[in-house]
Amino acid sequence: MGPVESSPSIAERPVTPDREWLRERLEQLEQIHRPSASQGERAAAEWLVAQFAELRVEARIEVEEAHGTYWWPLGIGAAAGALGGLAALRGRRALGFALGAAGAAAIADDFPPNRRRLRRLLPRRQTFNVVAELGSASAERTVVLVAHHDAAHSGLVFHPAIPQTIGDRFPQVLERSDTSPPLMAPVIGGPILAAVGALSGRRLLSKLGVLFGGGSVAAMLDIGLRDAVPGANDNGTAVVALLALARRLQEQATDELRVMLLSTGSEESFSEGMKAFGERHFGELPVESTFFVCMETLGATHPMVLRGEGFLRMREYPPPALQLIDGLAEELGIWLFPNLRLRNGTDGMEPLAAGYPTVALCSCTDFKQPGNYHWHNDVAENVNFDTLAGAVRLAEALIRRLDERWL
């Protein structure tokens, strides 16, 4: 794709959504206790379908299977690493290597967009994706806007004092970093250290494997025992953004574009709802004529578009898609926080890995973190509605531009 040509009409079309209208719906959603793959998640899905109906948009719930956690599969893998380190320290190096290697492999396989074999052996529940479609069903091109309506469990590793302390005491580290902290590095690091220690006979590495493995098990236990947070920023902001966009598309329909509005369940258990959507729908959505927009935590201080994401391997977002949305933001006068990548994953990971043109529209604080991330102060009162409104305008501009001219 060459340079994006400016269209004088685009900047004039997107309408800034009513902030009170957004706030009212966000406050309703945050009252629903909605952990992944729970009846509360189902209630949130039903609430969203009813909200679409008020806008005269037909929506459906697609029921899928999910495990509903990440702390069990990661905790099992970390425990295997810790046991492997202990076995090596007791002279059973072959067993130590086997346990460490198996634990590391299980953890790596559980990170999106991988196959996640271990969690298939764990208990399964239902998760609930909400899908609405606007525009002509026979349109040759499709834009899929993605949010998620489940909410995350809290945990001490998400304490807001951690990034604030790092930012205050080590500002040079924060300034140099262009990625979020690799929170999963210690989790997979424990089993790897245990395996290497057993293979090499180096007791220090085995001891570190026990330390990191045991610490990761404790962290996963802590997360599993805590309750789900209200989830206003993460990711109620994107859910109400879907509603605002549905409202605008009812007022001014697209001409040549089908728009799918997708809110997934079980995103907080490693994008299980998005993976299920892909297994159900990717085969009918051609890569060359489908564009995905993942909307995630839209209510922090600064709007941004992720440059890449990945738990182990950084996957870069495609330059043509980034160039398009960056150009539209400039045209609309929306400043985007520059050059950030995520060492975890959003629902954008699945279409990105499948080869679709994809962008992830997000927001961040001055500490380069999502606002109130996985903490109990993630409520509508702490959402920056100016950032949210700007994200809605940018998403609408992207839809209008792709309706006029594809990549």
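Here the structure is a predicted model, which means the values were calculated and not measured. (Residues numbered from 1 in each chain as written. Predicted model: local features only at pLDDT ≥ 70, side-chain atom pairs only at ≥ 80, totals over all residues. Heavy atoms only, no water.)

Things to note about the sheet that holds strand β3 (residues 141-148)
Rules: Note on pairing: DSSP must find at least two bridges between two strands before they are called paired. By definition, any uninterrupted DSSP run of H or I lasting at least four residues is a helix, any uninterrupted run of E lasting at least two residues is a strand, and each is numbered from the N terminus. Each axis is a line fitted through C-alpha atoms, and for a helix only the stretch in contact is used; angles between axes span 0 to 180 degrees, taken between their N-to-C directions. Note on contacts: a residue pair is in contact if any heavy atoms of the two residues lie within 4.5 Å.
Taking strand neighbours across the sheet as the criterion, the seven strands line up as β1-β2-β4-β3-β5-β10-β6 in an open arrangement whose pairing is mixed. Looking at the sheet topology across the chains shown, the edges are occupied by β1 (59-66) and β6 (302-305). Along the sheet, successive strands turn relative to each other by an average axial angle of 20 degrees, direction set aside. Here β1 pairs with strand β2 (residues 125-134) via eight bridges, running antiparallel. Bridge pairing links R60 to V131 in β2. Sitting on the sheet, helix α2 (residues 39-54) touches β1, β2 and β4 (257-264), and the angle it makes with β2 is about 15 degrees. Sheet strands touched by helix α10 (residues 272-281): β1, β2, β3, β4 and β5 (290-295). Its angle to β1, the strand with the most contacts, is close to 110 degrees.

Focus: the nonpolar core
In globular proteins that are soluble, nonpolar side chains generally tend to be buried together. What counts, and what does not: Buried Ala, Val, Leu, Ile, Met, Phe, Trp, Tyr and Cys residues that are joined via side-chain atoms within 4.5 Å together make up what is termed a nonpolar core. For every residue, the accessible area (1.4 Å probe, protein chains only) is compared with the maximum for its type, and the residue is labelled buried under 20%, exposed over 50%, or partly exposed between those bounds.
Ranked by internal contacts, the top residues of the largest apolar core, which has 75 residues, are F52, L145, F291 and M295. For this core, the element with the most residues is helix α9 (residues 232-251), which contributes 11 residues. Once residues within four sequence positions are removed from consideration, F291 is found in contact with T142, V143, V144, A321, L324, P357, V359, L398, L402, W406 and L407. Counting 15 residues, the second-largest nonpolar core is a separate cluster that includes F111, F158, M184 and M220.

Concerning the packing of aromatic side chains
This is how the line gets drawn: Side-chain rings of Phe, Tyr and Trp (the six-membered ring for Trp) are treated as a pair once their centres are within 6.5 Å; stacked means planes under 30 degrees apart, edge-to-face means over 60, and tilted covers the remaining angles.
Tallied over the entire structure, the rule returns 12 aromatic pairs. With a centroid separation of 5.6 Å and 90 degrees between ring planes, the pair formed by F158 and Y373 is classed as edge-to-face. Remark: Y373 occurs in the loop between β10 (358-364) and α13 (385-404) and F158 occurs in the loop between β3 and α5 (161-169); sequence separation between them is 215 residues. Arranged with centres 5.0 Å apart and planes meeting at 55 degrees, the rings of F282 and Y356 form a pair that is tilted.

Regarding the pairing of β3
In terms of burial, β3 is largely enclosed, as seven of its eight residues are buried. With eight bridges connecting them, β3 and β4 associate as parallel partners. The partner of V144 across the bridge, within β4, is M260. Here β3 runs beside β5; their pairing, made up of five bridges, is parallel. Residue pairing in the sheet places T142 in a bridge with T290 of β5.

Description of the pattern of salt bridges
Operational definition: Each reported salt bridge corresponds to a side-chain nitrogen of Lys or Arg within 4 Å of a carboxyl oxygen of Asp or Glu.
If you walk through the whole model with that rule in mind, you get 24 salt bridges. A salt bridge links R258 to E133; its shortest N-O distance comes to 3.1 Å. With R258 in strand β4 and E133 in strand β2, this pair connects stretches of sequence that are 125 residues apart. Ionic pairing is found between R307 and D326, a salt bridge with its closest N-O pair at 2.9 Å. Separated by 19 residues along the polypeptide, R307 in the loop between β6 and β7 (308-309) and D326 in helix α11 (residues 319-332) bring together distant segments of the chain.

Side note on the environment of A59
Tracing the backbone through its elements, the reader meets A59 in strand β1. It is 8.6 Å that separates the C-alpha atoms of A59 and L48, two residues lying 11 residues apart in sequence. Ignoring sequence-local partners within four residues, the contact set of A59 consists of V49, F52, V130, V131 and A132.

Overview of the packing of helix α4 (residues 93-110) against helix α7 (residues 185-200)
Threshold: Oblique is the label for any angle not covered by the other classes, which are roughly parallel (under 35 degrees), roughly antiparallel (over 145) and roughly perpendicular (65 to 115). The sense of a crossing depends on the near helix, which, turned anticlockwise from the far helix by less than a right angle, makes the crossing left-handed and, turned clockwise, makes it right-handed. When residues are grouped by polarity, Ala, Val, Leu, Ile, Met, Phe, Trp, Tyr, Cys and Pro land in nonpolar, Asp, Glu, Lys and Arg in charged, and all others, Gly among them, in polar.
Contact geometry for α4 and α7: axes closest at 7 Å, N-to-C directions at 155 degrees. With respect to α7, the axis of α4 lies roughly antiparallel. Here the hand of the crossing between α4 and α7 comes out left-handed. Contacts from R93, G96, F97, G100, A101, G103, A104, I107 and A108 in α4 reach V187, I188, P191, I192, A194, A195, A198, L199 and S200 in α7. Of the residues in the contact of α4 with α7, the class split is 13 nonpolar, four polar and one charged.

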